[in-house]
Amino acid sequence: MVAELTALRDQIDEVDKALLKLLAKRLELVAEVGEVKSHHGLPIYVPEREVSMLASRRKEAEALGVPPDLIEDVLRRIMRESYTSENDKGFKMLCPQIGPIVIIGGQGKMGQLFSKLFQLSGYQVRVLEQNDWAEADTILSGAGMVMVSVPIHATEQVIHRLPKLPDDCILVDLASVKELPLAAMLEVHNGPVLGLHPMFGPDVGSLAKQVIAYCDGRQPETYQWLLQQLQVWGAKLHAISAAEHDRNMAFIQALRHFATFTYGLNLSQENVRLEQLLALSSPIYRLELAMIGRLFAQDAELYADIIMSSEDNIALIKRYYACFGEAISLLDNSNKAEFIEKFNKIKNWFGDYAPRFLNESRTLLRQANDSRQ
């Protein structure tokens, strides 16, 4: 039996080596694709190509007796690596006539990310940090674009601190709230104004598939090249008004982060043993615990700023608190029938999204289980 297993495992090892050689070849081809895209200014992420390719591979896998989900999982992981490697080839500069791009807060993590992307595209980048304001006029001289990438609580203050910019200079901010920063930029600058909100952290390997919300401020025709440049880098753009953006972020960020903070607070006060929770967890709870832990591995001030950025956020969280109390009353009254009734009412409200999210979550749960030691 041992000899038979050894022979089979040796064959598996040879197949694995062949797969590695094929992966290396694929990455070489991806690098060549990256050079072509860079030369012609093409986006690194093309949704239609990805959908078509995955559909073809799934069909071919099924014909060979290979589970289609397996080949899709493998290819998606390979493509993620491919998008990251395409960054190394640089990107086409879509606006070569633009003056220097000044990033205020360019040494911060998000500032560094955008500085790198602009430099990979051939733009001249300058950085203005907190200790550089004495030389601000020099640093900002002739700027074609000024990008404000500072903590939320400092964004408006920094905008109001700006000296007079050239009328054709594009003023941009990256804050995760938009109404007040956009209003401040429109107040201090007479030229083009644009609000951006990258819906991702600075640790992304690539902008492929990453969403950037944008809010038009003034003279949108002057910064269309910038929106196109973001797409060349792989980003998916979503146009939205500043007011609508902030209403949605109250749910996407403020309420979600507060709920996560509260759950972490409760775990710490209950003094549970995390190693036991992990040992006993289902894949879905392991994933949930990972997302809670992820929050507390980051900057506390950032999340305090997001949650406390507006009175509307606080009001929403208070309504959530009241809703939580209503749900607890079902438990106090042991009202199982009403619980089921409300459950089904919410299920109907989700409609087709519920089964869609069920299918999407399966992949995440498999990945969470794969990482179990």
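Right, let's walk through the structure included here.

The rules behind the values
- Residues numbered from 1 in each chain as written.
- Predicted model: local features only at pLDDT ≥ 70, side-chain atom pairs only at ≥ 80, totals over all residues.
- Heavy atoms only, no water.
- Helix = DSSP H or I, 4+ residues; strand = E, 2+ residues; numbered from the N terminus.
- Expected span 1.5 Å × (residues − 1).
- Buried < 20%, exposed > 50% of the residue type's maximum accessible area, 1.4 Å probe, protein only.
- Contact = heavy atoms within 4.5 Å.
- Axes fitted to C-alpha atoms, helices over the stretch in contact; angles between N-to-C directions.
- Parallel < 35°, antiparallel > 145°, perpendicular 65-115°, else oblique.
- Left-handed = near helix turned anticlockwise from the far one by under 90°.
- Nonpolar A, V, L, I, M, F, W, Y, C, P; charged D, E, K, R; others polar.
- Patch = residues over 30% accessible without salt bridge, like charges linked within 9 Å, V, L, I, M, F, W, Y side chains within 5 Å.
- Areas by Shrake-Rupley, 256 points an atom, 1.4 Å probe, with all protein chains shown as cover.
- Salt bridge = Lys/Arg side-chain N within 4 Å of Asp/Glu carboxyl O.
- Core = buried A, V, L, I, M, F, W, Y, C linked by side-chain atoms within 4.5 Å.
- Phe/Tyr/Trp six-rings, centres within 6.5 Å; stacked < 30°, edge-to-face > 60°.
- Pairing = 2+ DSSP bridges.
- Right-handed = clockwise from strand over helix to strand, strands pointing away.
- Lys, Arg positive; Asp, Glu negative; His and termini not counted.
- Disulfide = S-S within 2.5 Å.

### Describing helix α11 (residues 283-296)
Okay, so step 1: Taking 1.5 Å as the rise per residue, α11 with 14 residues should run 20 Å; its terminal C-alpha atoms sit 20 Å apart, in good agreement.
Okay, so step 2: Within α11, burial applies to Tyr 285, Arg 286, Leu 289, Ile 292 and Leu 295.
Okay, so step 3: Looking at the buried side of α11, the elements it contacts are α9 (242-270), α10 (274-280), α12 (300-307) and α15 (353-370).

### A few points about the packing of α9 against helix α13 (residues 311-332)
Okay, so step 1: Packing of α9 against α13 brings their axes to within 10 Å, and their N-to-C directions diverge by 55°. Taken together, the axes of α9 and α13 lie oblique to each other. As α9 runs across α13, the sense of the crossing is right-handed. Residue-level contacts link Ala 250, Phe 251, Ala 254, Leu 255, Phe 258 and Ala 259 of α9 to Asn 313, Leu 316, Ile 317 and Tyr 320 of α13.
Okay, so step 2: Of the residues that constitute the contact of α9 with α13, the class distribution is 9 nonpolar, 1 polar and no charged.

### Quick look at a nonpolar patch on the surface
Okay, so step 1: Side chains of Ile 346, Trp 349, Phe 350, Tyr 353 and Phe 357 sit close together on the surface and give an oily, nonpolar patch of about 580 Å² of accessible area.
Okay, so step 2: Going through the elements one at a time, α14 (336-350) and α15 are the ones with two or more residues in the nonpolar patch.
Okay, so step 3: The leading source of residues in the nonpolar patch is α14, at 3 residues.
Okay, so step 4: Given the relative accessible area of 38%, Phe 357 is considered partly exposed.

### What about the nonpolar core?
Okay, so step 1: Ranked by internal contacts, the top residues of the largest apolar core, which has 41 residues, are Phe 114, Phe 118, Met 147, Leu 196 and Leu 207.
Okay, so step 2: If we ignore the near neighbours within four places in the chain, the residues touching Leu 207 are Leu 113, Leu 117, Phe 200, Ile 212, Trp 233, Gly 234 and Ala 235.
Okay, so step 3: Core analysis: the next-biggest nonpolar cluster, separate from the first, contains 25 residues, Leu 140, Val 146, Val 148 and Ile 159 among them.

### Focus on the pattern of salt bridges
Where charged atoms from two side chains of opposite charge approach closely, those side chains can pair.
Okay, so step 1: Using the criterion set out here, one finds 14 salt bridges in the structure.
Okay, so step 2: Lys 178 serves as the salt-bridge partner of Asp 173, at 3.0 Å between the closest nitrogen and oxygen.
Okay, so step 3: Accessibility expressed as a relative area gives 0% for Asp 173, which makes it buried.
Okay, so step 4: Overall, the relative accessible area of 0% leaves Lys 178 in the buried class.
Okay, so step 5: One salt-bridge network, held together by shared partners, links Glu 50, Arg 58, Asp 69, Glu 72, Arg 76 and Lys 209.

### Focus: the packing of aromatic side chains
Okay, so step 1: A full pass over the atoms with the stated rule returns 12 aromatic pairs.
Okay, so step 2: Consider the rings of Tyr 45 and Tyr 83, whose centres lie 5.9 Å apart with planes at 85°: the pair is edge-to-face. With Tyr 45 in the loop between α1 (2-40) and α2 (47-63) and Tyr 83 in helix α3 (residues 68-86), this pair connects stretches of sequence that are 38 residues apart.
Okay, so step 3: On the basis of relative accessibility, which here comes to 13%, the residue Tyr 45 falls in the buried class.
Okay, so step 4: Among the aromatic residues, ring-to-ring pairing joins Phe 114, Phe 118, Tyr 123, Trp 225 and Trp 233 into one connected group.

### Examining the pairing of strand β1 (residues 101-104)
Okay, so step 1: Burial along β1 is two-sided: the face carrying Ile 101 and Ile 103 and the face carrying Val 102 and Ile 104 are both buried.
Okay, so step 2: By the bridge criterion, 4 bridges tie β1 to strand β2 (residues 125-128) in an arrangement that is parallel. Within the sheet, the bridge partner assigned to Val 102 lies in β2 and is Arg 126.
Okay, so step 3: Where the polypeptide runs from β1 across helix α4 (residues 109-120) and back to β2, its parallel neighbour, the crossover connection is right-handed.
Okay, so step 4: Pairing of β1 with strand β3 (residues 145-148), which is carried by 4 bridges, proceeds in the parallel orientation. The residue of β3 that forms the bridge with Val 102 is Val 146.

### Some points on the side chain of Asp 305
Okay, so step 1: Note that Asp 305 resides in helix α12.
Okay, so step 2: For Asp 305, which is buried and forms no salt bridge, the nearest opposite charge comes from Lys 178, at a distance of 13 Å.
Okay, so step 3: With residues near it in sequence (within four places) discarded, Asp 305 still touches Pro 151, Ile 152 and His 153.

### Some points on helix α8 (residues 224-232)
Okay, so step 1: Buried within α8 we find Trp 225, Leu 226, Leu 227, Gln 229, Leu 230 and Val 232.
Okay, so step 2: Those residues of α8 that are buried lie in contact with α4, β3, β4 (170-173), β5 (193-198), β6 (211-218) and β7 (236-239).

### Quick look at the state of the cysteines
Okay, so step 1: Inspection of the entire model under this criterion finds 0 disulfides.
Okay, so step 2: Note on Cys 95: no disulfide assigned, nearest cysteine sulfur contributed by Cys 169 at a separation of 12 Å.
Okay, so step 3: Between Cys 215, a cysteine without a disulfide, and Cys 169, which holds the nearest cysteine sulfur, the sulfur-to-sulfur distance is 19 Å.
Okay, so step 4: The class of Cys 215 is buried, set by a relative accessible area of 1%.

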